[in-house]
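Read off the chains here:
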Amino acid sequence: MNPTWVMSFPTGYETGTYLALDMGGTNLRVCQITLTEQKSEFDIIQSKYRMPEELKTGQADELWDYIADCLMQFIETHHGDTSKLDKLPLGFTFSYPATQNYIDEGVLQRWTKGFDIAGVEGRNVVPMFEAALAQRGVPIKLTALINDTTGTLIASAYTDTKMKIGCIFGTGCNAAYMEDCGSIPKLAHLNLPPETPMAINCEWGAFDNEHKVLPRTPYDIIIDKDSPRPGQQAFEKMIAGLYLGEIFRLIMVDLHDNHEAHIFSGQDISKLRRPYTLDSSFLSAIEEDPFENLSETRDLFLKKLEIEANPAELELVRRTAELIGTRAARLSACGVAAISKKKGYKSCHVGADGSVFNKYPHFKARGAQALREILDWPEKTDPKEEDPIEILAAEDGSGVGAALIAALTLKRVKEGNMHGILHPENFH
C-alpha cells in the first residue's frame, strides 16, 4: 500500500497543456494532452518510440539519454524552436515498484518487465532523468512521477464522477483508490489533516505473499517456486495474464505424465514442456472456440504444439481453460469488493484497463457475478439494469492520467498545499 501524493480527484474543469511520458516494457509513449475549456474533455497528440532490447540490460545513462532524445524529438516536431519555449510540465508514468515520499521522486525498489540495469535499484530515478534532460536542453520540468494504476483512477474520474477505484488486469495486476490521510498509518508521523484525501497504489499483486489466505493448487506452488522471485506477487500469479497460460501448461503436462488419464498418450509433447510458451491469448482462443466439436482448439494444438487432441481431450482442455479464466476473474473481483467494503461504497464505478480485462472472454461477466455473490446483491429484475458497483473500461491512465496528475499537483501547490513536494522550485 503506497501513498502516491495525489491528493484530490479531478473536477473535470482542469485546463492547460501537459506532457506525459509512459515508459513501458516494449514502447516509450510521449503524449501532449490539452485539457480544454469544455468540462471533462481533452485533446491528445502522441508518438510511440520502440524501447530497444539492448537498453533494458545496458547502462543507466544510455536509457535516460535515449528517453531524453525521444522527448526532444517530440517537442521539436510539435513546437518547432525549443529555445523560445517555457518549460513544459511533465507527468512521468513509471510503472515499476517505487517508493515515493514525494510526488516528484521515486526510489526504484526492483526492476520488472525484463529490465535489469545496474545502479538504479534503491536510488531515486528523477535526478538521473533530469540530468539527461538538462544535458540535452529539453524544455521540460518533471511535475509528477506516477504509477499507471493511479493514472487509471484519475483519468477515469475525470470523465466519470462515479469512478472511485482504478484497476489494471493485464500482464500484471494492481488497483488504486482514494483514502483519508487519517486512515494511513504510514503517514501518521506527518500529522496531515485526517480528512485530506490521498490516492493509494495498492500493489495488490503482493497480497498473501505469506500464503495464509488464498487456496493454492500444486500448479500455483510450482509457478511461484520457478519464478524469478519466489514468495512475491502471490495474488498476481493467480490472476495476471503472464501466468494464466503457464498454469494451463503445467496442468496439461501433469495429466500427461502422472495420472491414469494419460492425455495425449503416445505423442511427443516436447513443445508443451517448454515453460511460458503459452500466453493468455492461447486460453482466450480456446474459450472463444464457437464450435461444438472444438475444431478451432484442435487446430490450435496441432499448429502451436504439434499435438493431435481427441474429442475427450478437447473437452478437458476447454474445461481447464474455463476454470483458470473463471478463477482469475473471481479473485480479481475479491480485490474490488475488499476496497468497496473498506470504504463503504454501496454504489460506484470501477475503471479497469489491461489486456485480460479488455480481451479475455467472459472476464467481465464472471467478475460481475462474483461481486454480486460477495456483496450479496438481490437478483436483477431487468437484465439491462446497472449493478450497484460496475467495472467499466477505463480512460487512458498512463497518458491522460499522468497529465491530469501533473495539473492537479500544480494546482495544489498554487493553493499552498506543499505536502509531498521535494522540489517546490520546479512548480513556479
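Residues numbered from 1 in each chain as written. Predicted model: local features only at pLDDT ≥ 70, side-chain atom pairs only at ≥ 80, totals over all residues. Heavy atoms only, no water.

> Now, about the nonpolar core: what can you tell me, with residues and values included?
By size, the foremost hydrophobic cluster in this structure holds 97 residues, and its most contacted members are Cys167, Phe169, Trp204, Phe248, Phe264, Leu272 and Phe301. The dominant element in this core, judged by the number of residues it contributes, is helix 9 (residues 311-343), at 11 residues. Contact partners of Phe169, with chain neighbours within four places excluded, come to Trp204, Ser332, Ala352, Asp353, Gly354, Ser355, Val356, Phe357 and Phe363. Phe74, Ala132, Leu133 and Leu142 belong to the second-largest nonpolar core, a separate cluster that totals 38 residues. (Core = buried A, V, L, I, M, F, W, Y, C linked by side-chain atoms within 4.5 Å. Buried < 20%, exposed > 50% of the residue type's maximum accessible area, 1.4 Å probe, protein only. Helix = DSSP H or I, 4+ residues; strand = E, 2+ residues; numbered from the N terminus. Contact = heavy atoms within 4.5 Å.)

> Outline the sheet that holds strand 5 (residues 88-93), supporting the account with residue identities and numerical values.
Overall, mixed pairing links the five strands, which are arranged 4-3-2-5-8 in an open sheet. Both outer strands of the open sheet, strand 4 (42-50) and strand 8 (140-146), are each paired with one neighbouring strand and no more. Adjacent strand axes in the sheet meet at a mean angle of 20° when their direction is disregarded. Pairing geometry for strand 3 (residues 27-35) and strand 4, over nine bridges, is antiparallel. Along strand 4, the bridge assignment pairs Ile33 with Ile44. Packed on one face of the sheet, helix 2 (residues 125-136) meets strand 2 (16-23), strand 5 and strand 8 and runs near 155° to strand 8. (Pairing = 2+ DSSP bridges. Axes fitted to C-alpha atoms, helices over the stretch in contact; angles between N-to-C directions.)

> Run through the packing of aromatic side chains, naming residues and quoting values.
Here the structure, examined in full by the defined rule, presents 18 aromatic pairs. Between Trp111 and Phe115, the ring centres sit 5.1 Å apart and the planes meet at 20°, which makes this aromatic pair stacked. For Trp111, a relative accessible area of 3% corresponds to the buried category. Given the relative accessible area of 4%, Phe115 is considered buried. Between Phe264 and Phe301, the ring centres sit 5.8 Å apart and the planes meet at 45°, which makes this aromatic pair tilted. Of the two residues, Phe264 sits in the loop between helix 6 (241-257) and helix 7 (280-288) while Phe301 sits in helix 8 (residues 295-305), which places them 37 residues apart along the sequence. In this pair, the class of Phe264 matches that of Phe301, namely buried. Taken together, Trp64, Phe92, Phe94, Tyr96, Trp111, Phe115 and Phe129 form an aromatic cluster joined through their ring pairs. Over the aromatic face of Tyr13 sits the side chain of Lys39, whose NZ or CZ is 5.6 Å from the ring centroid. Directly above the aromatic system of Phe357 lies the positively charged group of Lys364, at a separation of 4.8 Å from the ring centroid. (Phe/Tyr/Trp six-rings, centres within 6.5 Å; stacked < 30°, edge-to-face > 60°. Lys NZ or Arg CZ within 6 Å of the ring centre and 35° of its normal.)

> Talk me through helix 1 (residues 60-79); I want residue IDs and the actual numbers.
Under the 1.5 Å per step criterion, the end-to-end length of helix 1 is 28 Å for 20 residues, consistent within 8% with the ideal 28 Å. Elements that come into contact with the buried residues of helix 1 comprise strand 2, strand 3, strand 4, strand 5, helix 2 and strand 8. Directly beyond the C-terminal end of helix 1, a positive phi value near 70° is found at Gly80. (Expected span 1.5 Å × (residues − 1).)

> Report on the environment of Leu404, specifying residues and quantitative values.
Mapped onto the fold, Leu404 is located in helix 12 (residues 397-414). The residues contacting Leu404, other than those within four sequence positions of it, are Pro10, Glu14, Leu35, Ile154, Ala155 and Tyr158.

> Tell me about the sheet that holds strand 12 (residues 348-353), and name the residues and values.
Hydrogen bonds between backbone atoms are what pair the strands of a sheet, whose relative direction is either parallel or antiparallel. With mixed pairing, six strands are arranged side by side in an open sheet as 1-11-10-9-12-13. Pairing within the sheet leaves two strands with one partner each, and these edge strands are strand 1 (2-3) and strand 13 (389-393). Running at roughly 140° to strand 9 (residues 163-169), helix 3 (residues 148-159) makes contact with strand 9, strand 10 (173-180), strand 11 (197-201) and strand 12 of the sheet. Docked against the sheet, helix 9 engages strand 9, strand 10, strand 12 and strand 13, running at close to 5° with respect to strand 10.

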